[in-house]
Amino acid sequence: MTERQLIDRVLGGDRVAEREFYDRHVDRVYRLAYRLADSDPDLARDFTQDVFIRAFDRLSDFRGEARISTWLHSITVSVALNGMRKVRRWRMREAELTEVTARGAAVTQSEPGMRSRLRAAIRKLPEKYRLVFVMYDVEGYTHEEIGATLGMPTGTSKARLSRARARLRAELAEYAGEWAS
Amino acid sequence: MKEDRFGRQLGEMVREFDPVPEAPADEIWSGVVAARRHRRRKPARWWRPTLTWGVGMAATLVIGIAIGRTGMLTLPAPEVDTVLVDGPAPEPPREFRLAAADYLVRTEMLLAAFPSGARQGRAAEVAAWARQLLLDTRLLLDSPAAIDRDLSPLLSDLELVLAQIASLRARDPAGEIEMIEDGIEQNRVLARLRLAANAAGGVNGDD
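Residues numbered from 1 in each chain as written. Chains lettered and ligands numbered in written order. Predicted model: local features only at pLDDT ≥ 70, side-chain atom pairs only at ≥ 80, totals over all residues.

(A) Focus on the overall build of chain B. Scanning chain B from terminus to terminus reveals eight helices and zero strands. Along chain B, helices (α) and strands (β) appear in the sequence α-α-α-α-α-α-α-α when read from the amino end. The proportion of buried residues among the 207 residues of chain B is 32%. (Helix = DSSP H or I, 4+ residues; strand = E, 2+ residues; numbered from the N terminus. Buried ≥ 20, exposed ≤ 12 C-beta atoms within 10 Å, placed from the backbone.)

Here's what the structure looks like:
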């Protein structure tokens, strides 16, 4: 069954088709949500759930101009970024500063150097660079897919990736010997 | 190209350090289904502001006549779905009313206990309890018990609340607890649940 036929069946109220549509896309949506949720599986689960609730609600608006996966991934980015902003705001407001500092320090000390530095360097990237880096270098999206998902020209995607890598290279300069340069 | 190779290596490291766990597809799907079912049962809110008062009074009268004999009605109907009542309220068979009565008591206990339990570090335990009740809710929603016009919207609201509690994270659940409590309060879920549980408590002796 083609994607279009499946969507038409979902729009016709076919419950089996809804589940099939979900099964076709859930893994990739979850992967992206997980990466954008700072590797928090609970947040990734919540974001993925929200993505599909919205997708089913708005499926009738999908005109087929882009691929359905692109459409779903743009909802994923929007849900995850908004969700993470709320999570960060809430954590800032609620958490006691001393406790956060102590916990952060403990994590850093217990993780191997390269791993914690890499995580920190990625988190430090501005959102627009981090998104492109995660989608391209980590999750293997093409610049065309990223451009369509984020609504920008492929040239912008390439430029942001280049800047993201440059910042990461600078942040991780002390480990330069660990990879071919 | 040097830059591409660097990017590929970083990407490989991220994937190696932080492998993505398998998506909990069935669990997520349950949440999607519960949320969508809840929305379908709730009418759109856009017309409520203009009609709420009239509809509320009409609902109180109609439902009062229709199900007053059960003694369950002391609060006006919170959802306008119930306005569609135009005859005597159908009653589910006795065995389903008994099952519903038992379920309502157990659910009331959970809703009363979950905020303190979850805040005291027992979120995982509370979530497991909610998952059990969520299964019961869905069974009741698909059973003849759901023909009860009071019980059905309540079950639908409970399904959503229980799905949220079932998804509580063991770590940092405070924000989620607050949101769930807000939802319960806004829909007067606990008050309606207590009323229904009290009314259902008479099933044993009455029949």
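(B) Region of the structure containing helix H7 (residues 127-138) of chain A. Residues and elements named next belong to chain A. Within H7, nine of the twelve residues are buried, which leaves the element mostly enclosed by the surrounding structure. For H7, every residue scored as buried is listed here: Tyr129, Leu131, Val132, Phe133, Val134, Met135, Tyr136, Asp137 and Val138. With its phi angle positive at about 75 degrees, Gly140 sits one or two positions after the end of H7.

(C) Layout of the nonpolar core. Counting residues in each nonpolar core, the largest one holds 83 residues, and the members touching the most others are A:Ala33, A:Val132, A:Phe133, B:Val126, B:Ala130, B:Leu162 and B:Ile165. The greatest single-element share of this core, amounting to 15 residues, is contributed by helix H4 (residues 94-141) of chain B. Not counting residues within four places of it along the chain, the set of residues in contact with A:Phe133 comprises A:Leu125, A:Val138, A:Leu161 and A:Ala164. (Core = buried A, V, L, I, M, F, W, Y, C linked by C-beta atoms within 7 Å. Contact = placed C-beta atoms within 7 Å.)

(D) The environment of B:Trp129, seen in detail. Mapped onto the fold, B:Trp129 is located in helix H4. B:Trp129 gets classed as buried once you count the C-beta atoms within 10 Å, which come to 21.

(E) Structural view of the interface of chain A and chain B. Between chain A and chain B, the contact holds 30 residues from the first and 30 residues from the second. Elements with a contribution of two residues or more to the side of chain A that touches chain B: helix H2 (15-36), helix H3 (41-58), helix H4 (68-94), helix H6 (113-124), H7 and helix H9 (154-171) of chain A. Looking at which element gives the most residues to the side of chain A that touches chain B, the answer is H3(A), with nine residues. For the side of chain A that touches chain B, the residue count by class is 14 nonpolar, five polar and eleven charged. (Nonpolar A, V, L, I, M, F, W, Y, C, P; charged D, E, K, R; others polar.)

(F) Quick peek at the packing of H2(A) against H3(A). Residue and element names in this part refer to chain A. The interhelical angle for the contact between H2 and H3, taken along N-to-C directions, is 140 degrees, at an axis separation of 9 Å. Relative to H3, H2 is oriented oblique. Classified by chirality, the crossing of H3 by H2 is right-handed. Side by side, H2 and H3 meet where Glu18, Tyr22, Val26, Val29, Tyr30, Ala33 and Tyr34 of the first sit next to Pro41, Ala44, Phe47, Thr48, Val51, Phe52 and Phe56 of the second. Grouping the constituent residues of the contact of H2 with H3 by class yields twelve nonpolar, one polar and one charged. (Axes fitted to C-alpha atoms, helices over the stretch in contact; angles between N-to-C directions. Parallel < 35°, antiparallel > 145°, perpendicular 65-115°, else oblique. Left-handed = near helix turned anticlockwise from the far one by under 90°.)

(G) Main features of the packing of H4(B) against helix H7 (residues 189-200) of chain B. All names here are of chain B. Here H4 crosses H7 at 140 degrees, and the two axes come no closer than 9 Å. With respect to H7, the axis of H4 lies oblique. Judged by the sense of rotation from one axis to the other, the crossing of H4 with H7 is left-handed. Each of Arg97, Ala100, Ala101, Leu104, Val105, Thr107, Glu108 and Leu111 in H4 lies in contact with H7, whose residues at this interface are Leu190, Leu193, Arg194, Ala196, Ala197 and Ala200. By residue class, the composition of the contact of H4 with H7 is ten nonpolar, one polar and three charged.

(H) Representation of unusual backbone geometry in the model. Residues and elements named next belong to chain A. Notably, Asp38 is not glycine yet its phi reads approximately 55 degrees, a positive angle. Looking at the element boundaries, Asp38 is found in the loop between H2 and H3. Residue Asp38 is classed as partly exposed on the basis of its C-beta count, with 16 C-beta atoms lying within 10 Å. Positive phi, normally seen in glycine, also occurs at Ser39, with a value near 60 degrees. With respect to the helices, strands and loops of the structure, Ser39 is situated in the loop between H2 and H3.

(I) Looking closely at H7(B). All names here are of chain B. In this model H7 runs 16 Å from its N-terminal to its C-terminal C-alpha over twelve residues, within 8% of the 16 Å that 1.5 Å per residue would give. Taken as a whole, H7 has its buried residues at Val189, Arg192, Leu193, Ala196, Ala199 and Ala200. Along the long axis of H7, the arc covered by the buried residues comes to 130 degrees, so they all point the same way. (Expected span 1.5 Å × (residues − 1). Arc of directions from axis to C-beta.)

(J) Highlighting the environment of B:Leu154. Residues and elements named next belong to chain B. With respect to the helices, strands and loops of the structure, Leu154 is situated in helix H5 (residues 151-166). Here Leu154 falls in the buried class, since 23 other C-beta atoms lie within 10 Å of it. In this structure, the C-alpha to C-alpha distance between Leu154 and Leu193, residues 39 residues apart in sequence, is 7.3 Å. If sequence neighbours within four positions are ignored, Leu154 has contacts with Arg192, Leu193 and Ala196.

(K) Inspection of the confidence of the model for chain A at higher detail. Summing up the model confidence of chain A, the mean pLDDT is 85 and the portion of residues at 70 or higher is 85%. Within the model, pLDDT remains below 50 along residues 105-110 of chain A, and this stretch shows one contact once partners closer than five positions in the same chain are excluded. (pLDDT = per-residue confidence, 0-100.)

(L) Here's a closer look at the confidence of the model for chain B. Residues and elements named next belong to chain B. Per-residue confidence for chain B gives a mean pLDDT of 73; residues scoring 70 or more make up 70%. By mean pLDDT, helix H3 (residues 48-67) is the weakest element of chain B at 39, and helix H1 (residues 2-17) is the strongest at 89. Overall, residues 43-85 carries pLDDT values under 50, and its contacts beyond four positions in sequence, including any with other chains, amount to 46 contacts. Overall fold confidence for the complex sits at a pTM of 0.59, while the interface term, ipTM, reaches 0.82.

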